[in-house]
Amino acid sequence: MADTPYAPSRIRALPSWLLGRAAARGHRLVADALAAEGMRMMHHAVLSAVGEIGPVSQAELGRTLRIDPKDMVAIVNDLQQDGLVTRTPDPRDRRKNAVEISADGRLRLRRTEQLGDEANAELTAALTPAEREQLVALLTRIALPGE
């Protein structure tokens, strides 16, 4: 791979180095795929979370995704401007806004999820379906120990 930095053979054999390279490639593939739909990765993550757990307060959304409140405001503003989410007063606490995915947001989310799936298929194209399942299981054990 031309864009992979040089690393001595001992380092290239380390799981941490390989995971980092795989993550960088996966990130690049998914980011490029989402960009084709006019979406950035953090925007996709927020839209996906709102679709899954919404309606949700902006503050709770930021805590859940561990996104700085100022960054969350900008992301939700962008998504709202594009008509992908709505903000309405939270019925449980009128001082807060509830963020909810719109019909257009659901359509965009379906398209971006498909693009993400295609990018991940490209990332794992050298593997058999069984190997992909095993890779996900192994990475889950590494990334989320105890789950």
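Quick caveat, the model's predicted, so the values are computed rather than measured.

Topic: the UniProt feature "domain: HTH marR-type" (unreviewed entry) in the protein chain
UniProt annotation of "domain: HTH marR-type" (unreviewed entry) refers to residues 12-144 when read in the numbering used here. Counting secondary structure, residues 12-144 comes out at 69% helix and 13% strand; the distance between its end C-alpha atoms is 24 Å.

A few points about a nonpolar patch on the surface
Among the surface-exposed residues, Leu-19, Leu-135, Leu-139 and Ile-142 lie close enough to one another that they form a single nonpolar patch of about 310 Å² accessible area. Its location among the elements puts Leu-19 in helix α2 (residues 15-35). When its relative accessible area of 35% is taken as the criterion, Leu-19 is described as partly exposed.

Some words on the pattern of salt bridges
Within the structure shown, the criterion is met by 4 salt bridges. Measuring nitrogen to oxygen at the nearest pair gives 3.5 Å for the salt bridge that ties Glu-37 to Arg-108. In this pair, Glu-37 is assigned in the loop between α2 and α3 (41-53) and Arg-108 in helix α6 (residues 103-123), connecting sequence segments 71 residues apart. A residue is classified by how much of its surface remains accessible, and Glu-37, at 21% relative accessible area, is partly exposed. Salt-bridge contacts for Glu-60 lead to Arg-63; the nearest nitrogen and oxygen are separated by 2.9 Å. Of this pair, Glu-60 and Arg-63 are both found in helix α4 (residues 58-65), 3 residues apart, which corresponds to roughly one turn of the helix. Residue classification places Glu-60 among the partly exposed positions, given a relative accessible area of 35%. One network of salt bridges, with partners in common, ties together Glu-37, Arg-108 and Arg-111.

Definitions and limits used
Residues numbered from 1 in each chain as written. Predicted model: local features only at pLDDT ≥ 70, side-chain atom pairs only at ≥ 80, totals over all residues. Heavy atoms only, no water. UniProt positions renumbered as here; feature names shortened; annotations may be inferred. Helix = DSSP H or I, 4+ residues; strand = E, 2+ residues; numbered from the N terminus. Patch = residues over 30% accessible without salt bridge, like charges linked within 9 Å, V, L, I, M, F, W, Y side chains within 5 Å. Areas by Shrake-Rupley, 256 points an atom, 1.4 Å probe, with all protein chains shown as cover. Salt bridge = Lys/Arg side-chain N within 4 Å of Asp/Glu carboxyl O. Buried < 20%, exposed > 50% of the residue type's maximum accessible area, 1.4 Å probe, protein only.

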